[in-house]
Amino acid sequence: DAGVIQSPRHEVTEMGQEVTLRCKPISGHDYLFWYRQTMMRGLELLIYFNNNVPIDDSGMPEDRFSAKMPNASFSTLKIQPSEPRDSAVYFCASSSFGQPQHFGDGTRLSIL
Amino acid sequence: AQTVTQSQPEMSVQEAETVTLSCTYDTSESNYYLFWYKQPPSRQMILVIRQEAYKQQNATENRFSVNFQKAAKSFSLKISDSQLGDTAMYFCAFMKLAMYSGGGADGLTFGKGTHLIIQP
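All of these numbers come straight from a predicted model, not from anything done at the bench.

Novice: So what exactly am I meant to see when it comes to the overall build of chain A here?
Specialist: The number of helices and strands found in chain A is zero helices and 11 strands. Starting at the N terminus, the α and β elements of chain A follow one another as β-β-β-β-β-β-β-β-β-β-β. The C-alpha radius of gyration of chain A comes to 13 Å, within 12% of the 13 Å expected for a compact globule of 112 residues. Along the longest, intermediate and shortest principal axes, the C-alpha atoms of chain A span 40 × 25 × 25 Å. Counting only residues that meet the buried cut, chain A has 50% of its 112 residues in that class. For chain A, the proportion of contacts with a sequence separation of at least 24, taken over those separated by at least 6, is 53%.

Novice: Looking at this structure, how should I read the nonpolar core?
Specialist: With 26 residues, the main nonpolar core has Leu21(B), Tyr25(B), Trp36(B), Phe75(B), Leu77(B), Tyr90(B) and Leu116(B) as its most contacted residues. If you list the elements that add at least two residues to this core, you get strand 2 (10-14), strand 3 (19-21), strand 5 (32-39), strand 6 (46-52), strand 8 (64-69), strand 9 (74-79), strand 10 (88-96) and strand 12 (114-119) of chain B. At four residues, strand 10 of chain B tops the list of elements feeding residues into this core. Those residues in contact with Leu21(B) that sit more than four places away from it in its chain are Gln8(B), Met11(B), Trp36(B), Ser76(B), Leu77(B), Tyr90(B), Thr114(B) and Leu116(B). One finds Ile47(A), Phe65(A), Met69(A) and Ile111(A) within the second-largest nonpolar core, a separate group that totals 21 residues.

Novice: I'm lost on the interface of chain B and chain A in this one. Help?
Specialist: For interface size, the figure often reported is the accessible area lost on association. Taken together, the contacts link 24 residues of chain B with 28 residues of chain A. Together chain B and chain A conceal approximately 1900 Å² of surface at their shared face, both sides included; 53% is due to carbon and sulfur atoms. Per-residue buried area on chain B facing chain A is highest for Arg43(B), Met45(B) and Phe110(B); these three make up 30% of the total on that side. Scanning the region where chain B abuts chain A turns up zero salt bridges. Mapped onto the side of chain B that touches chain A, the elements with two or more residues apiece are strand 5, strand 6 and strand 10 of chain B. Residue composition of the side of chain B that touches chain A, by class: 12 nonpolar, eight polar and four charged.

Novice: Honestly, the packing of aromatic side chains in this entry has me stumped. Any pointers?
Specialist: Here a ring pair, both rings aromatic, is described through the centre-centre distance and the interplanar angle of the planes. Scanning all chains against the criterion turns up 17 aromatic pairs over all chains. Taking 5.1 Å as the distance between ring centres and 25 degrees as the angle between the ring planes, the aromatic pair formed by Phe33(A) and Tyr48(A) counts as stacked. Taken as a pair, Phe33(A) in strand 4 (residues 31-38) and Tyr48(A) in strand 5 (residues 42-50) lie far apart in primary sequence, 15 residues in all. Tyr48(A) shares its class with Phe33(A); the two are buried. Within the aromatic cluster, the residues linked to one another by ring pairs are Tyr31(A), Phe33(A), Tyr35(A), Tyr48(A), Phe91(A), Phe103(A), Tyr33(B), Phe35(B), Tyr37(B), Phe91(B) and Phe110(B).

Novice: Where do I start with the pairing of strand 5 of chain A in this structure?
Specialist: Along any regular strand, the residues point their side chains to alternate faces of the sheet. Residues and elements named next belong to chain A. Most of strand 5 is tucked away: nine of the nine residues are buried. Bridging between strand 4 and strand 5 involves eight bridges; their strand directions are antiparallel. In the sheet register, threonine 38 faces strand 5, and the bridge partner there is glycine 42. The hairpin turn running from strand 4 into strand 5, its antiparallel successor, is three residues long. In sequence, strand 5 turns back onto strand 6 (residues 53-56) through a hairpin of two residues, with asparagine 51 there showing a positive phi of about 50 degrees.

Novice: Mind showing me how you'd approach the state of the cysteines here?
Specialist: Formally, a disulfide is one covalent bond, and it connects the sulfur atom of one cysteine to the sulfur atom of another. Counted by the stated rule, this structure contains two disulfides over all chains. Paired through a disulfide, Cys23(A) and Cys92(A) show a sulfur-sulfur distance of 1.9 Å. Linking Cys23(A) and Cys92(A), the disulfide has an S-S dihedral of approximately -70 degrees and is accordingly described as left-handed. Note that Cys23(A) is positioned in strand 3 (residues 19-24) and Cys92(A) in strand 9 (residues 88-95), a separation of 69 residues in sequence. Per residue, the accessibility class of Cys23(A) equals that of Cys92(A), and both read buried. Each sulfur in the disulfide pair Cys23(B) and Cys92(B) lies 2.0 Å from the other. What sets the handedness of the Cys23(B) and Cys92(B) disulfide is the S-S torsion sign, and at about -70 degrees it is left-handed. Remark: Cys92(B) occurs in strand 10 and Cys23(B) occurs in the loop between strand 3 and strand 4 (24-26); sequence separation between them is 69 residues. Just as Cys23(B) is buried, Cys92(B) falls in that class too.

Parameters and conventions
Residues numbered from 1 in each chain as written. Chains lettered and ligands numbered in written order. Predicted model: local features only at pLDDT ≥ 70, side-chain atom pairs only at ≥ 80, totals over all residues. Heavy atoms only, no water. Helix = DSSP H or I, 4+ residues; strand = E, 2+ residues; numbered from the N terminus. Rg over C-alpha atoms; globule rule 2.2 N^0.38 Å. Buried < 20%, exposed > 50% of the residue type's maximum accessible area, 1.4 Å probe, protein only. Contact = heavy atoms within 4.5 Å. Core = buried A, V, L, I, M, F, W, Y, C linked by side-chain atoms within 4.5 Å. Buried area = accessible area lost by both parts, 1.4 Å probe. Salt bridge = Lys/Arg side-chain N within 4 Å of Asp/Glu carboxyl O. Nonpolar A, V, L, I, M, F, W, Y, C, P; charged D, E, K, R; others polar. Phe/Tyr/Trp six-rings, centres within 6.5 Å; stacked < 30°, edge-to-face > 60°. Pairing = 2+ DSSP bridges. Disulfide = S-S within 2.5 Å.

Put into structure tokens, the structure is as follows:
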């Protein structure tokens, strides 16, 4: 079975540019999570969806960040405009009711 | 809000030894899950073991076992017969059951991690 698929695996861009991270959850999972990992703050929950509906976005740092889940098999996390402090590894994870979360391989984002 | 504390930033043991990683948490919730995730240098997040708070029996998965002390809010991970492939960051994580999503899932709250090094 395919796991959670994230793209791109690495992204390097200049400050001020729009960045879009993509995630395909495991088929049949109805929860989707976005996390960010940095050395300073560790792993933090940004937002999560249940049945494509955003449930908790309290971890989204600023209005520059937005996330969507237009259907059960796709989600995006967008940063516009990007800043150097947004550099981090961004993970997407999915799960079904009562089951552990399965993580994608992450996107390493570098903002120059 | 929940907090998870891992007090050992780094540990190093010899291959085949047993090692215990510590984790404490703070919550006012009564229904929740606890997890240990492993992150090798490849940066994958791999589930090692999970424990439901309502279960008194400690979870085990092959060489991995936990010591869950609910009253003390402690959740340590024991790795027996450690192997070189166990070298990784280990994260303790807490998840409450969210009422607004039918009690099925909520986001994970992670500790800062313990870097475990297995020496040959």
